[in-house]
Amino acid sequence: MTHQFPALTPEQKKALSDIAQQIVAPGKGILAADESVGTMGNRLQRIKVENTEENRRAFREILFSSDASINQSIGGVIFFHETLYQKDSSGKPFPDVIKDKGIVVGIKLDKGTAPLAGTNGEITIQGLDGLAERCAQYKKDGADFGKWRAVLKITDTTPSTLAIQENANTLARYASICQQHGLVPIVEPEVLPDGDHDLQRCQYVTEKVLAAVYKALNDHHVYLEGTLLKPNMVTAGHSCPKKYTPQEVAMATVTALHRTVPAAVPGICFLSGGQSEEEASLNLSAINQCPLPKPWKLTFSYGRALQASALAAWAGKPENKKATQEAFCKRAQINGLASKGQYIVSGKSDAAAKQSLFTASYTY
Amino acid sequence: MGSAFCLRDNSEKPLARWLLIEAGWRLQLSVTMTHQYPALSAEQKKELSDIALRIVAPGKGILAADESVGSMAKRLNQIGVENTEENRRLYRQILFSADNRVKKCIGGVIFFHETMYQQGDDGTPFVRMIKDKGIVVGIKVDKGVVPLAGTDGETTTQGLDGLSERCAQYKKDGADFAKWRCVLKISENTPSALAIMENANVLARYASICQQNGIMPIVEPEILPDGDHDLKRCQYVTEKVLAAVYKALSDHHVYLEGTLLKPNMVTPGHACPTKYSAEEIAMATVTALRRTVPPAVPGVTFLSGGQSEEEASINLNAINNCPLARPWALTFSYGRALQASALNAWRGQRENESSATEAFMKRAEVNSLAALGKYEGSGDDSGAAGQSLYVANHAY
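Reading the values: rules and limits
- Residues numbered from 1 in each chain as written.
- Chains lettered and ligands numbered in written order.
- Predicted model: local features only at pLDDT ≥ 70, side-chain atom pairs only at ≥ 80, totals over all residues.
- Heavy atoms only, no water.
- Helix = DSSP H or I, 4+ residues; strand = E, 2+ residues; numbered from the N terminus.
- Buried < 20%, exposed > 50% of the residue type's maximum accessible area, 1.4 Å probe, protein only.
- Contact = heavy atoms within 4.5 Å.
- Areas by Shrake-Rupley, 256 points an atom, 1.4 Å probe, with all protein chains shown as cover.
- Lys, Arg positive; Asp, Glu negative; His and termini not counted.
- Charge placed at Lys NZ, Arg CZ, Asp CG, Glu CD.
- Pairing = 2+ DSSP bridges.
- Expected span 1.5 Å × (residues − 1).
- Axes fitted to C-alpha atoms, helices over the stretch in contact; angles between N-to-C directions.
- Parallel < 35°, antiparallel > 145°, perpendicular 65-115°, else oblique.
- Left-handed = near helix turned anticlockwise from the far one by under 90°.
- Nonpolar A, V, L, I, M, F, W, Y, C, P; charged D, E, K, R; others polar.
- Core = buried A, V, L, I, M, F, W, Y, C linked by side-chain atoms within 4.5 Å.
- Salt bridge = Lys/Arg side-chain N within 4 Å of Asp/Glu carboxyl O.
- pLDDT = per-residue confidence, 0-100.
- Disulfide = S-S within 2.5 Å.
- Phe/Tyr/Trp six-rings, centres within 6.5 Å; stacked < 30°, edge-to-face > 60°.
- Polar contact = N/O pair within 3.5 Å; in protein donor to acceptor, adjacent residues only side chain to side chain.

1. A few points about the overall build of chain B
When its secondary structure is counted, chain B shows 14 helices and 10 strands. Counting the 396 residues in chain B, one finds 61% classified as buried. Across chain B, contacts joining residues at least 24 apart in sequence account for 81% of those joining residues at least 6 apart. Accessible area for chain B stands at about 14,800 Å²; split by element, carbon and sulfur atoms hold 53% of it.

Below, the structure is given as structure tokens:
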């Protein structure tokens, strides 16, 4: 035991570490399919489909019933609570559908945002109450990892020290509780792309946020080898007049990570944060080609950037199932290549792939 | 793939890492400053990073020759030599007259203030002698430990007053890096949260000031080996201390690529009844570093902390053969563990000077191999090399 009052036994540590390694195995990343009911509403509205439980189930079924070879590019799928207990048309629970393909099942654990009084519109995240019991239940029901999203925003006065501290602390509490119940915690401290700040400002803020996160994880005795990080890439704000190349985004991103993320963390799975499907893939590939030392896996945990084309292809019609799956599998394969630095710019591009998926002040 | 252990891939071999950093620089310099109120310009950053990389180039480490007058007293006392300024000068001359073989093993030498301004017999300043061998000159800048009231005998380190002016002067006088030692101790109640926080903070202030003056700071948060605690306890404490140090460095806007870390290896306390192998020490040490030291730090230069010369080399070699991925150079910054045999060979006699220099050269070459993971051990634990150099509660 490496500790005066060890938080985990060696067996527990090994189990967590194995799960994390499995999710970020070479060429693999995560499908973030954990959109809440409200957020699915936004998605479905864009393709003029009604936001019913059945429609949500039907769309997830199409994705999850893709050919098993999807497991070459997808190591884990994050579920929303409702989806974890839904079944496919043959009555098979969705977690089993995913696990049968050798893909790890994850579950969104946070319960949304709450305002931080006395700040410039900043927030923290709720969900710690009864979290231990919920984790134990989800583990029984097939989940092996959790995800919790904290949100910070860049303006002249934000993120404030309080917002950084408070979000780092709640992420660390969440991570500690997950590990006690055999779930690998994905730690997501998202710095939103809203604003007109440049690349350099985003890098600076990202470094401060990640330094606070890893100090908090250390203070809370979290076993880093059994966690994953889900950060924003370092990008300019959406209304920044200056444009940057994927190589500049990659250099700023990897520099920030390499100054803050200990080598013990097995993998970093970027969120796509409103980037188009193509942008998210090109940036990920450039990140993997960046000439700085990168001791962690650098891969994806994409929601919109894996599903936009699929949603457009589906348009709510069952007869579009095959086209939907093809669109999804195509993005999955591309991102699998990108996670190895092997995705080269394609000549043609689909309209949906290039469309920016940015929604102002996206709260999920 | 069921294991957290993975061999270092090709991108982390020392030479390849060097090339990666160089290539990365070309891209980094094309991106403008990364800060709202940048502490350093791109040129200042490059200079600091270059200094660090030169010191920890593959196969190289640091000779810590910065013993204060009081510490030298203890060393010279052990060999029956009087602690005069002249004797201290003669002794350092022995080390600094090593021939060109030393260039491949020693990347930097840490000086004490007095020594910076001394000369060899032929009038060549010591600083010149070292720089002419292509070795970087460093200077100890802390002013020793002071007590933290209300704690169980814990300390912080002083030396921040006028530090900026001192750094500027040392830079003019030939120094390119500095070193500052903080000390923490393991017992039932220590290190306390205050001691950890205060020492981390003072290290970060020192580092920030150094960088402003073109001096690359070596950050040394030493956890003493005194006590009967086991390997695990030392690992736990080391992780807590290093996490606090890197948070403080981040808070103080220190440029990590232009720093080096000088930590203790993770070892059991000197009075611990359980003995551990070099591989166990290596695994505990590398695990602690992997959990706390960002990959941006170019090198970790271990202190020897009272280990014998041979032990310090064997452990460093095991560290460099540890099967965990290690993104920083792992090398030595040894004082006693590079000099014990040399001191013994000299015993204050001028006629022993060249055999003393040879004794130093031998340890330098051995540690160079250990820093590459290629040292096979002497098989000889006798004599000065095997003797434990532990001095209880070493205050330096």
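2. Digging into the overall build of chain A
The helix and strand tally for chain A stands at 13 helices and 10 strands. With the C-alpha coordinates aligned to their principal axes, the bounding extent of chain A is approximately 55 × 50 × 40 Å. Within the structure as shown, chain A displays about 13,100 Å² of accessible surface, and the carbon and sulfur contribution to it stands at 53%. Charged side chains in chain A number 40 positive and 36 negative. The centres of these two groups are separated by 3 Å.

3. Considerations on the pairing of strand β3 (residues 104-108) of chain A
Residues and elements named next belong to chain A. With five of five residues buried, β3 is to be regarded as a mostly interior element. In the sheet, strand β2 (residues 74-79) pairs with β3 via four bridges, with the strands oriented parallel. Across the sheet, V77 pairs through a bridge with V105, a residue of β3.

4. Here's the deal with helix α2 (residues 42-55) of chain B
Between the first and last C-alpha of α2(B) there are 20 Å, a value that for 14 residues agrees with the 20 Å anticipated at 1.5 Å per step. Those residues of α2(B) lying buried are K45(B), L48(B), S49(B), I51(B), A52(B), L53(B) and I55(B).

5. Brief notes about the packing of helix α11 (residues 309-319) of chain B against helix α13 (residues 353-371) of chain B
Residues and elements named next belong to chain B. Look at α11 against α13: their axes get within 7 Å of each other, and the N-to-C directions meet at 20 degrees. Judged on the interaxial angle alone, α13 and α11 are roughly parallel. In terms of crossing hand, the pair formed by α11 and α13 is left-handed. Between α11, through E309, E310, A312, S313, L316 and N317, and α13, the contact on the second element is made entirely by R363, V366, N367, L369, A370 and A371. Here the contact of α11 with α13 is composed, by residue class, of six nonpolar, three polar and three charged.

6. Quick word on unusual backbone geometry
Along the chain, T158(A) connects to P159(A) via a cis peptide bond; the corresponding omega equals 0 degrees. Note that P159(A) resides in the loop between β6 (145-152) and α7 (161-180). In this chain, T190(B) is followed by P191(B) through a cis amide linkage whose omega measures 0 degrees. Relative to the elements of secondary structure, P191(B) occurs in the loop between β6 (177-184) and α8 (193-212). In this structure, K48(A) takes a positive phi of about 60 degrees despite not being glycine. Mapped onto the elements, K48(A) comes out in the loop between α2 (37-46) and α3 (53-64). Of the residues examined, K48(A) reaches a relative accessible area of 75% and is grouped as exposed.

7. Considerations on the nonpolar core
Counting residues in each nonpolar core, the largest one holds 103 residues, and the members touching the most others are F96(B), I106(B), F111(B), W346(B) and F360(B). Looking at which element gives the most residues to this core, the answer is helix α9 (residues 231-251) of chain B, with 11 residues. Listed in part, the 99 residues of the second largest apolar core include V105(A), V187(A), V205(A) and L229(A).

8. Some points on the pattern of salt bridges
Summed over the entire model, instances satisfying the criterion amount to 40 salt bridges over all chains. For the salt bridge of K92(A) with D100(A), the shortest nitrogen-to-oxygen distance reads 2.3 Å. For K92(A), a relative accessible area of 31% puts it in the partly exposed group. For the salt bridge of R350(B) with D121(B), the shortest nitrogen-to-oxygen distance reads 2.6 Å. Of this pair, R350(B) sits in the loop between α12 (336-346) and α13 while D121(B) sits in the loop between α5 (113-116) and α6 (126-132), and the two are 229 residues apart along the sequence. By relative accessible area, D121(B) is classed as partly exposed at 47%. Linked by salt bridges that have partners in common, D34(A), K108(A), K147(A), R149(A), E188(A) and E190(A) make up one network.

9. Considering α8(B)
Residues lying three or four places apart along an α-helix face the same way, a consequence of the helix completing one turn every 3.6 residues. Taking 1.5 Å of rise per residue, the 20 residues of α8(B) would be expected to cover 28 Å, and the 29 Å separating its terminal C-alpha atoms lies within 8% of that figure. The positive-phi residue at the C-terminal boundary of α8(B) is G214(B), with phi of around 70 degrees.

10. What about the confidence of the model for chain B?
Residues and elements named next belong to chain B. Taken over all residues, the pLDDT of chain B has a mean of 90, while the share at 70 or more is 86%. In this model residues 29-34 is a low-confidence stretch, pLDDT under 50, and it forms 14 contacts with partners more than four residues away in sequence or in other chains. For residues 391-396, every residue scores under 50 in pLDDT, and the model assigns this stretch 18 contacts once sequence neighbours within four places are set aside. Across the interfaces of the predicted complex, the ipTM metric reaches 0.83, alongside a pTM of 0.87.

11. Regarding the state of the cysteines
Going through the model one piece at a time under the given rule, you end up with zero disulfides over all chains. Cysteine C167(B) remains unbridged, with the sulfur of C210(B) as its closest cysteine sulfur at 4.0 Å.

12. So, the confidence of the model for chain A
Chain-level pLDDT for chain A is 94 on average; 94% of the residues reach the 70-or-more range. Segment residues 360-364 of chain A is flagged for pLDDT under 50; beyond a separation of four residues in sequence, or across chains, it makes 17 contacts in the model.

13. Thoughts on the packing of aromatic side chains
How two aromatic rings sit relative to each other is given by the distance of their centres and the angle of their planes. All names here are of chain B. Applying the stated rule across the entire model yields 10 aromatic pairs over all chains. Centre to centre, the rings of F96 and F111 are 5.2 Å apart; their planes meet at 35 degrees, and the pair counts as tilted. Here the residue F96 occupies a position in helix α4 (residues 85-96), and F111 occupies one in strand β2 (residues 106-111), the gap between them amounting to 15 residues. Per residue, the accessibility class of F96 equals that of F111, and both read buried. Summarising the aromatic geometry, the rings of F96 and F126 are spaced 5.1 Å apart at their centres and angled 85 degrees between planes, so their arrangement reads as edge-to-face.

14. Notes on the pairing of strand β1 (residues 29-33) of chain A
All names here are of chain A. With respect to burial, β1 is a largely interior element, five of its five residues being buried. Note that β1 and β2 share five bridges and pair parallel. Bridge pairing in β2 links A32 to I78. For β1 and strand β10 (residues 297-302), the ladder comprises two bridges, and the chain directions are parallel.

15. A short note on the environment of D121(B)
Between the C-alpha atoms of D121(B) and R92(B), which are 29 residues apart in sequence, the distance is 11 Å. Contact partners of D121(B), with chain neighbours within four places excluded, come to R89(B), L90(B), Q93(B) and R350(B).

16. Quick notes on the side chain of T287(B)
Within the secondary structure, T287(B) sits in helix α10 (residues 278-290). For T287(B), the side chain forms a polar contact with the main-chain oxygen of M283(B), separated by 2.7 Å. Excluding its chain neighbours within four sequence positions, the residues that come into contact with T287(B) are E225(A), Q235(B), E239(B) and L324(B).

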